[in-house]
Amino acid sequence: MYRCSECGAEHPKWSGRCDACGDWNTLDEQASTARPSLAPVAPLELGGGTAVPITEVASDSASLESTGLGELDRVLGGGLAPGSVTLLGGEPGVGKSTLVLQMLAAQASQGSQCLYVTGEESASQVAARAARLDALDERIMLVSENSLPRVLGTLEADPPALCVIDSIQTLTDPSTESAPGSVTQVRDCAHRIVGAAKALGVTVVIVGHVTKEGALAGPRVLEHVVDTVLQLEGDRHGELRVLRAVKHRFGSTQEIGLFSMASGGLESVSDPSALFLSDRRAGLPGSVVVPAMEGQRPLLVEVQALVNQRQMAYPKRSVQGLDGGRLELLMAVLQRHEELKVMDMDVYAMVAGGVKVTEPGADLGICAAVVSSHYKRGCPEQFVLCGEVGLGGELRRVNRIEQRLAEAARHGFTTAVVPKSAPASHPGIEVMRVPTLDAAMAVLDLY
Ligand code: TYD
Ligand code: MG
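Conventions we followed
Residues numbered from 1 in each chain as written. Chains lettered and ligands numbered in written order. Predicted model: local features only at pLDDT ≥ 70, side-chain atom pairs only at ≥ 80, totals over all residues. Heavy atoms only, no water. Helix = DSSP H or I, 4+ residues; strand = E, 2+ residues; numbered from the N terminus. Expected span 1.5 Å × (residues − 1). Buried < 20%, exposed > 50% of the residue type's maximum accessible area, 1.4 Å probe, protein only. Arc of directions from axis to C-beta. Contact = heavy atoms within 4.5 Å. Polar contact = N/O pair within 3.5 Å; in protein donor to acceptor, adjacent residues only side chain to side chain. Axes fitted to C-alpha atoms, helices over the stretch in contact; angles between N-to-C directions. Parallel < 35°, antiparallel > 145°, perpendicular 65-115°, else oblique. Nonpolar A, V, L, I, M, F, W, Y, C, P; charged D, E, K, R; others polar. Core = buried A, V, L, I, M, F, W, Y, C linked by side-chain atoms within 4.5 Å. Left-handed = near helix turned anticlockwise from the far one by under 90°.

Asker: Looking at this structure, I do not really get helix 8 (residues 324-337). What am I missing?
Answerer: The periodicity of an α-helix, 3.6 residues per turn, causes residues three or four places apart in sequence to face the same way. Helix length check: helix 8, at 14 residues, gives a terminal C-alpha distance of 20 Å against a target of 20 Å (1.5 Å per residue), a fit within 8%. Of all the residues in helix 8, the buried ones are L327, L330, M331, V333 and L334. Projected down its long axis, helix 8 carries its buried residues within an arc of 165°, all on one side. Where helix 8 is buried, its residues touch strand 15 (317-320), strand 16 (345-351), helix 9 (363-374), strand 18 (388-389) and helix 11 (437-444). In this structure D323 caps helix 8, since a side-chain oxygen of it lies 3.0 Å from the backbone nitrogen of G325. Two residues or fewer after helix 8 comes E339, characterised by a positive phi angle close to 50°.

Put into structure tokens, the structure is as follows:
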């Protein structure tokens, strides 16, 4: 076999000239390349069952069992699924141990046998905390243990209904050589605990520490191993704690739970809007109230903005609890459609109270707060604002507007400025429907 080095044509015999391109002395001898065999390959042994129509599969709608803590149940969509494994992550000191201890107490008082494996604190420290939390119950068995095989042994000897491991970073498996708390250790231990939980039908909650950057070896590498991942967030110096589901095999990850850390442990926050607005100074320039949605729940939050002359070569933008990219976009809209020279100003925006609001329904509120701060004119005190802002300066609809209006009315707000598509009226609150950002600013009398 000979191939032309110019055009690649193949020839069975050597010749001085390539028939295909006409070039001279370009044919090179090629080693004959064996063609791959086309013989049929034996079918793969795939194992597993026969396919059945999805309609004929008995759906195992995991019956969730209430944990006894209302806010936790809300996040879980009803409770924990028996035999499931849940990872509770959060920064050190945020309240994970407190939460699990309160959950164990609630479960034990319903008659469930519980096991608390503590690797961080001694058994007597846990008992002292349980006494303070009024969580002493003889159905909570306590074991202070760092060795994985011994924990598994305890589980097997007398399987409880619910087992808490506090925390996964303190467990070690002597048979692996990596250091305690390393990614390999954490992952190996978690795999074996999950295996044991499924084999024994024990519901397991694993506590794991995460640093602010999520960097510490642990929870992040476990997310795919467990059924549910919960994250407890909050400023450890403040009292508000937000519990959210990052992953949940048995329900939605939409809901959040709100707690406040008090002297008697974590308490459910029954009226979060009142909490968020408690320190508000109504009428302050740069401050507005937005009925935002957190999961299925309307929350009234205070959105604040501060606009200053630029201090450095580039204007500074900073957000807390809001989406920074969204703020940039809204600044561009304000610059163009309101002829507000904010692109060259330093702009700071935040949500008071430590919650995060990243839904577009807060757009109008952010814009109004910026304009209000820029002109140093306060928004009318009894107004709430809600609506998505489009690039053309138009106001767009938001979801669940009725629920938002109801929450605002319940807290005594008299007027809501909303997009045109909102219902014309709502009990207890005056609804002002406006088509554009411009019209909204006129209604709020901010210029
Ligand atoms: P903890 O549950 O130990 O946090 P984690 O397990 O996430 O590291 O709780 C940490 C903080 O909570 C601790 O600094 C003290 C505070 N705390 C209260 O304010 N009230 C209480 O009743 C309890 C038990 C703790
Ligand atoms: Mg702890």
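Asker: How do you make sense of the packing of helix 4 (residues 148-157) against helix 5 (residues 183-200) when you look at a structure like this?
Answerer: Helix packing geometry: the angle between the two helix axes and the distance between the axes. Interaxial distance between helix 4 and helix 5 falls to 11 Å at its minimum, and their mutual angle equals 10°. As judged from the angle between their axes, helix 4 and helix 5 are roughly parallel. In contact with L148, L152, L155 and E156 of helix 4, helix 5 contributes C189, R192, I193, A196 and L200. Taken together, the residues of the contact of helix 4 with helix 5 break down into seven nonpolar, no polar and two charged.

Asker: Looking at this structure, I do not really get the nonpolar core. What am I missing?
Answerer: General note: in soluble globular proteins, nonpolar side chains tend to be found buried as a group. The biggest cluster of nonpolar side chains holds 48 residues, and the ones touching the most others in it are V301, L334 and V370. The dominant element in this core, judged by the number of residues it contributes, is helix 9, at seven residues. C114, V207, L243 and A245 belong to the second-largest nonpolar core, a separate cluster that totals 32 residues.

Asker: Which parts of the structure should I look at to understand the packing of helix 8 against helix 9?
Answerer: Across the interface, helix 8 lies against helix 9 with an axial gap of 10 Å and an inter-helix angle of 60°. In terms of orientation, helix 8 and helix 9 fall into the oblique class. For the pair helix 8 and helix 9, the sense of crossing is right-handed. Residue-level contacts link R326, L327, L330, M331 and L334 of helix 8 to D363, I366, C367, V370 and V371 of helix 9.

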